[in-house]
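# Results of the structural survey
Next come the chains, spelled out residue by residue.
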Amino acid sequence: MHFPPDHFRTTAPPRRITGSEMIWDACVTEGVSILFGHPGGAILPAYDALAIYEAEGLLHHVLVRHEQCAAHMADGYARATGEVGVCVATSGPGATNLVTGIATAQMDSVPIVCITGQVPSPLLGTDAFQEADIVGVTQPVCKHNYLVTDVADLPMVMKEAFYIARKGRPGPVLVDVCKDVQIAEGEFRYDMEVKLPGFNPYPAAWQDALADAADLINAAEAPLIMAGHGIHLAGMSDVLLRIVEKAEIPVVTTLLGTGNITETHPLSLGMGGMHGEAYANEAVQACDVLIALGMRFDDRITGRLDRFAKQASVVHFELDKAEVGKNVQPDVAVVGDLAETLPALEPLVHPNTHTEWLASLTDRKLSSASKDILTFELDELVPPFIMRQIWSETTNLRDPGDVLVATDVGQHQMWESQYFVHERAGQLLTSGGLGTMGYGVPAAMGAQMARPDKLVWAIVGDGGFQMTMQELATIQQEKLPVKIAIINNGFLGMVRQWQQFFHDKRYVGTPVLSPDYVMLAAAYGIPASKVEEPGQVAEAVRAANTTDGPYLIDFQVKEEVNVYPMVAPGAAVDELIRRPHIVQDHGGVVPAF
Amino acid sequence: MKHILAAWMRDRPGVLNRVTGLLSRRNFNIDSLQVSASEETGISRMTFEVNGDDRTLEQVRSQLIKLVDVTRVESFVQEAIVKRELALVRVAVGPEERRQVLDLIQVFRATVEDISRTDMLIQIVGRQEKIDSLIGLLRDYHLLEMVRTGPVAIVRSAVANVESEPVLEPAGDTWQGGGV
Ligand SMILES: Cc1ncc(C[n+]2csc(CCOP(=O)(O)OP(=O)(O)O)c2C)c(N)n1
Ligand SMILES: [Mg+2]
């Protein structure tokens, strides 16, 4: 087969091809160039057809070592580009291995399309070899899914899958294609219109509510913005910044909203919630109008719901109507695409200074421990220091906008969110909703595949790294220059912290043995180093940043360090366990570990 | 509080599963559920009763409409609808008691669909309460087997009142193809 230049236009004339070719033609036409996958019997015809697309340089297949990582890589690819990521797996175990990655993408509104092979349609329902009802299995954890039993349906299904994945609130879509459908020939065209009467991604009229929202905001004496992932998804950080500066409204972000506003900005209070700074959470409990933008009041941000911002009127800007009133009942809801509602709000917001309110926040900020940890003398290696050092060394070398960070889940994830200085929305890739251990390395890989121009760090724990570390082989096979920092504390640290606080320090199932990571990396041909002292951190980070290729650092940190502040589960957000600190002679406040 | 909802959905394989799966995993308490064809070919109509406050109802509606196959969701206030259910009941009645049972059936405007020396098959259509009371009375005899459809409902037309109750608009708005 030869592909003329206009072959992949939606207007290309109809042609007879196989189902397998339809899958790849659709992908290429949708702008996909990288696939993350793992082959097997039921997807073999599609893989066979892939040869020509690879030979022509149209598609590149990345062989993962576990399908969960194919989904996480597609997720990382999607988060780093805003485009749909694609992963591929075979039927049965291949498909079920994807589930964690699909659920992760669903919880964080990440657009991915998952293509799975299925047993031939005549065998459906017979418990055939490697048959699993993956459409049934994934139904609760994806935006939509399809089982294709007729090749005539395949072009439209592919088109709908991409459409649904990216439109409105993004999410994962799975397409399960029977093996006989992959082999069958049919007419392929891609110029048809997607007609989904039940899918209207931008539902309600929001214009009427906007004036009410603006009135509340303008009348507020102590307004506070809580900015979530939706701001980034809508590409609205710039508009947010303009509104914030015009009316001088301070901003707290959610975990996935980090970087919506540069964290060095004087109006930024950083992240709120379970491990947010005390002053951020206190602001939530003291504001008179809470302006929630593109977020869903997850329990990690609200703490105890019946004590959350009770004093405040709530204005909720959100695309997904089902999120409005689900956890927090707003006084005014503006349900619509933030790319439309925020620009419409901007001219309605009056300039303001909120002097008293901002002064009170500054006081709170000053009385809490400084995070300028690089200036302290430390005799032990503690993770917050590493986080600041990685950020600082890396941004000495590269523009902050060129740096992406993926984390795993646990203490290191929270330290990253606290001690990195996120400058851009979308700079941090992390599993916020599902909290999936094992996410960090494959997400960093997907992001690096998508953005070869970026410097990508994976910050992972010794527990989570061991869940997906088999992908070191994929890193080598694909020559991916990702930098991996393992925060090796000998524990499933976050769970250990809960055991320390809430279960009398009974460390059941949390001490975790690690291999020698430097030797492990060497076995894969990846350069690595071990860091045991604060004084070694900068040099190791520099080595990683200047090595042309992947690099791994095993940070052997002090073991029983906790993440502070912490809002205990069931507590209100301002009833937090504060960061232990030392007041220094000259008046500064520093954290104690 | 009980709410009655109707959802219209594309008649696709697995669509029922999608709807019932959503209701159960979102922890909504469903009292009854009934599926049938609708006036439009290719579109099924599901009628169900949800137990919960107004916020629950709102959540059920907004979650349902997010399903790609669900094209429309409506909730009704009880006064504005005609709500009916059908039941088939088999009772063991011999010749001696037959007369009594036939009298009952007549009062309830039910019908006898089948009869034998030992038992009787009764059909009743109506409001839930009416069916409940007939079944309650039939329990005095030996009730062998029973099946009920669960209620189906339709909004009254404002002009042609079937009964004399006040006619109200459906509660809330109609969500046509909403969702994300
Ligand atoms: C797949 C999965 N299993 C279990 C958990 C529960 N969990 C949350 S944090 C955590 C500990 C992670 O340990 P590690 O990767 O070493 O990171 P640390 O907290 O020590 O930084 C665990 C087990 C999870 N989030 N994901
Ligand atoms: Mg650990």
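To be clear, the structure that these remarks concern was listed above.
Quick summary incoming for the structure in this document. Everything numeric in this text was worked out from a predicted model, so none of it was measured. (Residues numbered from 1 in each chain as written. Chains lettered and ligands numbered in written order. Predicted model: local features only at pLDDT ≥ 70, side-chain atom pairs only at ≥ 80, totals over all residues.)

## Quick look at the overall build of chain B
Rules: The way it works is that DSSP assigns letters per residue, a run of H or I at least four long becomes a helix, a run of E at least two long becomes a strand, and they are numbered from the N terminus. Counting other C-beta atoms within 10 Å of a residue's C-beta gives its exposure: the residue is buried at 20 or more, exposed at 12 or fewer, and partly exposed in between, where C-beta atoms are placed from the backbone. Each residue gets a C-beta atom placed from its backbone, and two residues are in contact if those atoms lie within 7 Å.
The helix and strand inventory of chain B stands at 4 helices and 10 strands. When the helices and strands of chain B are read in sequence order from the N terminus, they spell out β-α-β-β-α-β-β-α-β-β-α-β-β-β. Per-residue burial over chain B gives 30% buried out of 180 residues. Within chain B, residue pairs in contact and separated by at least 24 positions form 73% of the contacts whose partners lie at least 6 positions apart.

## What about the packing of helix 16 (residues 383–397) of chain A against helix 17 (residues 411–419) of chain A?
All names here are of chain A. Heads up, the rule is: The convention used is that axes are lines fitted to C-alpha atoms, helices contributing only their stretch in contact, and that angles between N-to-C directions extend from 0 to 180 degrees. Angles below 35 degrees are treated as roughly parallel, those above 145 as roughly antiparallel, those between 65 and 115 as roughly perpendicular, and all remaining angles as oblique. It is the rotation of the near helix from the far one that decides the hand of a crossing: anticlockwise by less than a right angle makes it left-handed, clockwise makes it right-handed. Any residue outside Ala, Val, Leu, Ile, Met, Phe, Trp, Tyr, Cys, Pro, Asp, Glu, Lys and Arg is labelled polar, Gly included; the first ten of those are nonpolar and the last four are charged.
Where helix 16 meets helix 17, the closest approach of the two axes is 9 Å, and the angle between their N-to-C directions is 50°. Classified by the interaxial angle, the pair formed by helix 16 and helix 17 is oblique. Considering the relative orientation of helix 16 and helix 17, their crossing is right-handed. For the pair helix 16 and helix 17, the contacting residues are P383, P384, M387 and R388 in the first and Q411, H412, W415, E416, Q418 and Y419 in the second. Class assignment of the residues belonging to the contact of helix 16 with helix 17 gives a composition of 5 nonpolar, 3 polar and 2 charged.

## Examining the site of ligand 1
Residue and element names in this part refer to chain A. Test applied: Using a C-beta atom placed from the backbone for every residue, we mark a residue as near a molecule or strand if that atom lies within 6 Å of it.
The environment of ligand 1 is formed by 20 residues, the closest being G410, G461, G463, G464 and G493. Elements with a minimum of two residues in the shell around ligand 1: helix 17, helix 19 (462–468) and helix 21 (493–502). Partitioning the shell around ligand 1 into residue classes produces 7 nonpolar, 11 polar and 2 charged.

## Overview of the sheet that holds strand 15 (residues 403–407) of chain A
Residues and elements named next belong to chain A. So the rule is basically this: When DSSP locates at least two bridges between a pair of strands, those strands are taken to pair.
Pairing is parallel in the open sheet, where 6 strands are placed in the order 16-15-17-18-20-19. The open sheet terminates on both sides in strands that have one partner only, identified here as strand 16 (428–429) and strand 19 (528–531). In terms of strand pairing, strand 18 (residues 483–488) meets strand 20 (residues 551–556) through 6 bridges, oriented parallel. Residue pairing across strands places I486 opposite D554, the latter belonging to strand 20.

## A look at the pairing of strand 19 of chain A
All names here are of chain A. Stated precisely, the cut-off is as follows: When the strands point away from the viewer and the connection leading from the first strand across the helix to the second strand turns clockwise, the crossover is called right-handed.
As judged from the 4 bridges shared by strand 19 and strand 20, these two strands associate in the parallel manner. By the bridge assignment, S529 is partnered in strand 20 with I553. Regarding the hand of the β-α-β motif, the stretch spanning strand 19, helix 23 (residues 537–546) and strand 20 is right-handed.

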